[in-house]
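As a plain string of letters, each chain reads:
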Amino acid sequence: MKDTFDLLMKTDFPAIRRAGLETLQVNLGYLCNQQCLHCHVDASPRRTEIMTAETIADVVNFIKRQNIKTLDLTGGAPEMNPAFFSLVKQARDLGVHVIDRCNLTILLEEGYQQTAAFLAENLVEVVASMPCYLQENVDAQRGKGVFDQSIDGLRLLNRHGYGINEKLKLNLVFNPQGIDLPPSQNQLEPMYKKELSERYGISFNQLYTITNMPIKRFGSTLISKGQFDKYMQTLKSSYTKENLSGVMCRTMLSVDWLGYVYDCDFNQMLDLNVGAKARSASSSNSGKTHLNDLLNDDLQGEEIAIMDHCYGCTAGNGSSCGGALN
Ligand code: SF4
Ligand code: SF4
């Protein structure tokens, strides 16, 4: 795979600082029941890297010490970490809002069929990738048969009240298949709602449109096809200043399966350490900053580590884990 890191290092992206820390996004490991071609962490059923119970205890401790409001769980399939269920319960007991980034198909797998009920009982918000409401497009991006299983997963969530009961939020994620920016979220969402309702009887709350980042597998594909420069030009020429105040790194930290900390999930994928102050806190462990290094730090106002991929967050309507920014 061709790495885009060196191409992104030199940047004129404006400096940004953390406004405050509200959300902890935690990658529970690379184990997954699927093996999607586009997966940016190369997750698969054979991966063995998952967050240990000890590191999960560090996460809970950090949530308490830093008064975290939202815990956002990713993977792999986060539900496949055996400690997923106890982590969710502990966070909920602390009054923390929990988000599960769910691939939908895991809900139907043997051994995980109680997961949907558990999520509903604990009022966990579900965010699920659904790149299209057409079968051929989803199967092309995520693998043959994934569309039908995803529809079954959505129906199961609806049966538990997701997308219907106002306390059970079910949000879907769209990302473009080519090198275009996502279409308007406000225009695409009603189309998704109409098509998924009429074709399959499915209800959901919001559609999040997310811009593809020029890193990892997508970045490598851009290079292979000779489209990297063109894509960067698209991102930069669509820079929208108003989006800068809403980029997700201003209110979140991203944590990898070993407990190391990054300014966002994309920086985690690039192995780009957190900004200045946190970086100095980590001098004892080979340049990497662990959650335990930041227990007493006030990260408000701290510098965020940026490179040219950051233009992916500010282009057009903007992009974040919660969809468009304007
Ligand atoms: S479901 Fe998600 S985490 Fe799993 S392989 Fe596919 S993209 Fe990767
Ligand atoms: S890529 Fe990460 S660090 Fe850069 S603007 Fe987006 S969220 Fe912030």
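A quick note: this is a predicted structure, and the numbers were derived from the prediction, not measured.

Chemist: Please provide a residue-by-residue account of the side chain of threonine 314, values included.
Modeler: In this structure, threonine 314 sits in helix H12 (residues 311-314). Classification of threonine 314 by relative accessible area gives buried; the value is 0%. Those residues in contact with threonine 314, other than ones at most four positions away along the chain, are Phe13, Ser238, Tyr239, Thr240, Asn243, Leu244 and Val247.

Chemist: Requested: an account of the nonpolar core, with residues and values cited.
Modeler: Ranked by internal contacts, the top residues of the largest apolar core, which has 99 residues, are Leu24, Leu71, Leu172 and Tyr192. Not counting residues within four places of it along the chain, the set of residues in contact with leucine 71 comprises Leu24, Val26, Val59, Ile63, Leu87, Ala91, Val96, His97, Val98 and Ile99. Formed by 5 residues, the second largest nonpolar core is a distinct cluster that contains Ile99, Val127, Tyr208 and Ile210.

Chemist: Describe the packing of aromatic side chains, with residues and values.
Modeler: If you walk through the whole model with that rule in mind, you get 11 aromatic pairs. Seen in terms of ring centroids, phenylalanine 13 and tyrosine 311 are 5.0 Å apart; in terms of plane orientation they differ by 90°. Their pairing is edge-to-face. With phenylalanine 13 in the loop between helix H1 (5-9) and strand S1 (23-27) and tyrosine 311 in helix H12, this residue pair connects regions lying 298 residues apart in the sequence. By the burial criterion, phenylalanine 13 is buried, and tyrosine 311 matches it. Ring geometry for phenylalanine 218 versus tyrosine 231: centroids 5.3 Å apart, planes at 75°, classification edge-to-face. Of the two residues, phenylalanine 218 sits in helix H8 (residues 216-224) while tyrosine 231 sits in helix H9 (residues 228-237), which places them 13 residues apart along the sequence. What links up through ring pairs into an aromatic cluster is the set Phe13, Tyr239 and Tyr311.

Chemist: Describe in detail the pattern of salt bridges, supporting the description with residues and values.
Modeler: Scanning the entire structure with this criterion turns up 11 salt bridges. One salt bridge connects arginine 155 with aspartate 152, and the closest N-O pair in it is separated by 4.0 Å. Remark: aspartate 152 and arginine 155 occur in helix H6 (residues 146-159); sequence separation between them is 3 residues, near one turn of the helix. One connected set of salt bridges, linked through shared partners, spans Asp12, Lys236 and Asp308.

Chemist: Any chance you could break down the sheet that holds strand S3 (residues 97-102) for me, citing the residues and the numbers?
Modeler: Read across the sheet, 8 strands follow the order S6-S5-S4-S3-S2-S1-S7-S8 without closing on themselves; strand pairing throughout is mixed. Each edge of the open sheet carries a strand with a single partner, namely strand S6 (207-209) and strand S8 (261-262). Relative to S6, strand S5 (residues 170-174) is paired through 3 bridges, and the arrangement is parallel. Each bridged residue has a counterpart across the sheet, and for leucine 172 the counterpart in S6 is leucine 207.

Chemist: Give me unusual backbone geometry: which residues, what numbers.
Modeler: Note: most residues except glycine have negative phi, and most peptide bonds are trans. Cis geometry marks the peptide bond from glycine 75 to glycine 76; its omega dihedral reads 25°. One non-glycine residue, lysine 216, adopts positive backbone phi at about 45°. Positionally, lysine 216 belongs in helix H8. Its relative accessible area of 30% is what places lysine 216 among the partly exposed residues.

Cut-off values and rules
- Residues numbered from 1 in each chain as written.
- Chains lettered and ligands numbered in written order.
- Predicted model: local features only at pLDDT ≥ 70, side-chain atom pairs only at ≥ 80, totals over all residues.
- Heavy atoms only, no water.
- Helix = DSSP H or I, 4+ residues; strand = E, 2+ residues; numbered from the N terminus.
- Buried < 20%, exposed > 50% of the residue type's maximum accessible area, 1.4 Å probe, protein only.
- Contact = heavy atoms within 4.5 Å.
- Core = buried A, V, L, I, M, F, W, Y, C linked by side-chain atoms within 4.5 Å.
- Phe/Tyr/Trp six-rings, centres within 6.5 Å; stacked < 30°, edge-to-face > 60°.
- Salt bridge = Lys/Arg side-chain N within 4 Å of Asp/Glu carboxyl O.
- Pairing = 2+ DSSP bridges.

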